[in-house]
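# A closer look at the structure
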Amino acid sequence: MSTPVVLVAGLHASARAAVVDRLLRDHPGSVAVHHDLREVTADRVHRVVRDASTVLDLADVRLAHGCVTCTVREDLLPQLVRHAATASLLVVDLWDSVEPRSVAEALDCEEAHDILRLTCVLTALHAEHMPVDITRGDRLRETGQIAAAGDRRYLAEVLARQIEYATALTVHGGDEEDVELSRAVLGHLAPCTPIFTPDSTADSTPASIPASTAVAAASLPDVTGARLCTRELAERVDPATAQLPCDAQTDEITTVVWHRLRSLHPARLFEAVDELVTQSVRSRGRFWLASRPDRLLAWDAVAGIVSVEDAGPWLAALPEAAWDMVSPARRTAAGLDWDPVTGDRVQHLVFTGPDLDRERLHALLDSCLLTEEEARAGSGGWAGYDDPFAHILDLKEIA
């Protein structure tokens, strides 16, 4: 019988500790493992293994291959396997800036498949800080939360990934107003993910559902159930299959969806990027440029920092024989957007922020689309367009 494993992520140690302590108390015989990365630049990490009442083991772990992520994985997995025989539940308390996806996928390996089963990915959030953190443009090195010597990630970028990958969210600390604001923000960023507030009345209903329909539940999710499929977890956030939020309005917080079929003019979109990014706190989705009609491009922006990446070909650009090689989720997502002319090529971008002007945002994006005359020129004409995104996309492709 495999031992259940729950990952607990989050930027703030106090929020994570509240979750870990509660799990250890609620599940007698459970064990928690934590890797402290504060001394990562000195080529070592500090490992702590504990149960509900005492510290079971302390050790300094030297870095291997110059990669802290590899070291944590290589040390974490043996520790979990070691304790699996006697523990009722294994809790992985992730360092502040560690993103749970990489750890989840590392644990989903053949050698541990019959010993460990990942059952939950929890992100613990501090109600007082979360609404501010998601707007902060600080790099992790400025906040003292780096996970490697060369870590150049942004705090808000990590927080967004911790929120959107999780199978459940918990909110701790702050006053009642902080909790309600945090729940409202989370209801826009991850509307299908249950939210738990152990410090107050329990509610596992997504925050986007009115409070009048809330259903009382346990203050934490079940963490001893069936095995999670990491492939399905990835499909929830990967650009081609991501479960993107819908249009929504909660007091001053707005989510705006822009969905079109016509291609975007690369130069006009590039000119609009700054305004698009600064108008919203979080935006993501998939789009296509006239200059790259066969490539699905991913848009990811948070706290004023935007990333545009090539996420591979559109299904319409592949021979039908190759469709059997892609996942059912990818084929389903393509089918939902399918058009007889453009196939699955689509502009599907979602923007979230305070008091967003939906009409202005739509008008700005619509102005970046090809005109009817430009559209009639076809791919032969589009190939000659100046593409300011080339230095970003082509460089990433070479790397």
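All figures in this text were calculated on a predicted structure; none of them were measured in a lab.

This part takes up the overall build of the chain. Helices and strands together make up the secondary structure of the chain, namely 14 helices and 14 strands. By its C-alpha atoms, the chain is 70 × 50 × 40 Å across when sized along the principal axes. Here the chain holds 399 residues, and the buried ones make up 52% of them. Considering only residue pairs separated by 6 or more positions, the chain has 70% of its internal contacts joining residues 24 or more positions apart. Approximately 18000 Å² of the chain is accessible, and the part contributed by carbon and sulfur atoms is 52%. Taken together, the 37 basic and 62 acidic charged side chains of the chain have centroids lying 3 Å from each other.

Right, let's get into the confidence of the model for the chain. Averaged over every residue, the pLDDT of the chain is 91; the share at 70 or more is 93%. In the predicted structure, residues 200-217 sits below a pLDDT of 50 and forms 31 contacts with residues beyond four places in sequence or in another chain.

Turning to the packing of aromatic side chains, a few remarks are in order. Applying the stated rule across the entire model yields five aromatic pairs. Summarising the aromatic geometry, the rings of Trp323 and Trp338 are spaced 5.5 Å apart at their centres and angled 70° between planes, so their arrangement reads as edge-to-face. Here Trp323 is found in the loop between β13 (305-313) and α10 (328-336), whereas its partner Trp338 is found in the loop between α10 and β14 (347-354), with 15 residues between them in sequence. For Trp323, a relative accessible area of 23% translates into the label partly exposed. Here the aromatic residues Phe287, Trp299 and Phe351 are joined through ring pairs into a cluster of three or more. One cation-aromatic arrangement involves Arg345 over Trp288; the distance from NZ or CZ to the ring centre is 5.9 Å.

For Thr170, the location among the structural elements is in strand β7 (residues 168-172). A residue is classified by how much of its surface remains accessible, and Thr170, at 0% relative accessible area, is buried. A polar side-chain atom of Thr170 sits 3.1 Å from a polar atom in the side chain of His172. In contact with Thr170, not counting residues within four places along its chain, are Val19, Leu122, Thr123, Ala124, Leu125, Phe196, Pro198 and Leu220.

What follows covers the sheet that holds β13. Ordered by their spatial adjacency, six strands build an open sheet running β9-β10-β14-β11-β12-β13, and the pairing between neighbours is antiparallel. Of all strands in the sheet, those with a lone pairing partner are β9 (248-250) and β13, marking the two edges. Within the sheet, the average angular offset between the axes of one strand and its neighbour, ignoring direction, is 10°. Pairing of strand β11 (residues 282-287) with strand β12 (residues 295-302) involves six bridges; the strand directions are antiparallel. Across the sheet, Arg284 pairs through a bridge with Asp300, a residue of β12.

An ideal rise of 1.5 Å per residue puts 20 Å on 14 residues; helix α7 (residues 176-189) measures up with 20 Å between its terminal C-alpha atoms. Taken residue by residue, α7 has Val179, Ser182, Arg183, Ala184, Val185, Leu186, Gly187, His188 and Leu189 as its buried positions. The opening residue of α7 is Asp175, an N-cap whose side-chain oxygen sits 3.2 Å from the backbone nitrogen of Glu177.

Where helix α2 (residues 68-84) meets helix α3 (residues 100-107), the closest approach of the two axes is 10 Å, and the angle between their N-to-C directions is 55°. Looking at the two axes, α2 sits oblique to α3. As α2 runs across α3, the sense of the crossing is right-handed. Here Arg73, Leu76, Leu77 and Leu80 of α2 come into contact with α3, specifically with Ser102, Val103, Ala106 and Leu107.

In this section: the pairing of β13. Pairing geometry for β12 and β13, over seven bridges, is antiparallel. Among the inter-strand pairings, Asp300 is bridged to a residue of β13, identified as Ser307. Between the antiparallel neighbours β12 and β13 lie two residues, among them Ala303 with a positive phi of about 55°.

This brings us to a negative patch on the surface. Taken together, the side chains of Glu128, Asp175, Glu176, Glu177 and Glu180 make up a negatively charged region of the molecular surface. Tracing the backbone shows Asp175 in the loop between β7 and α7.

What follows concerns the sheet that holds strand β1 (residues 3-9). Here we have eight strands laid out as an open sheet, ordered β4-β3-β2-β5-β1-β6-β7-β8, and mixed in their pairing. With partners counted over all chains shown, the strands left at the sheet margins are β4 (55-62) and β8 (195-196), one partner each.

A few words on the pattern of salt bridges. Side-chain pairs of opposite charge can arise where the charged atoms are in close proximity. One pass over the full model with this rule turns up 28 salt bridges. The salt bridge partner of Asp238 is Arg101, with a shortest N-O separation of 2.7 Å. Taken as a pair, Asp238 in the loop between α8 (230-235) and β9 and Arg101 in helix α3 lie far apart in primary sequence, 137 residues in all. You can call Asp238 partly exposed: its relative accessible area is 25%. Here Arg101 falls in the partly exposed class, since its relative accessible area comes to 28%. Here Asp387 ties to Arg292 by a salt bridge, and the two come within 2.9 Å at their closest N and O atoms.

Thresholds, definitions, all that
Residues numbered from 1 in each chain as written. Predicted model: local features only at pLDDT ≥ 70, side-chain atom pairs only at ≥ 80, totals over all residues. Heavy atoms only, no water. Helix = DSSP H or I, 4+ residues; strand = E, 2+ residues; numbered from the N terminus. Buried < 20%, exposed > 50% of the residue type's maximum accessible area, 1.4 Å probe, protein only. Contact = heavy atoms within 4.5 Å. Areas by Shrake-Rupley, 256 points an atom, 1.4 Å probe, with all protein chains shown as cover. Lys, Arg positive; Asp, Glu negative; His and termini not counted. Charge placed at Lys NZ, Arg CZ, Asp CG, Glu CD. pLDDT = per-residue confidence, 0-100. Phe/Tyr/Trp six-rings, centres within 6.5 Å; stacked < 30°, edge-to-face > 60°. Lys NZ or Arg CZ within 6 Å of the ring centre and 35° of its normal. Polar contact = N/O pair within 3.5 Å; in protein donor to acceptor, adjacent residues only side chain to side chain. Pairing = 2+ DSSP bridges. Axes fitted to C-alpha atoms, helices over the stretch in contact; angles between N-to-C directions. Expected span 1.5 Å × (residues − 1). Parallel < 35°, antiparallel > 145°, perpendicular 65-115°, else oblique. Left-handed = near helix turned anticlockwise from the far one by under 90°. Patch = residues over 30% accessible without salt bridge, like charges linked within 9 Å, V, L, I, M, F, W, Y side chains within 5 Å. Salt bridge = Lys/Arg side-chain N within 4 Å of Asp/Glu carboxyl O.

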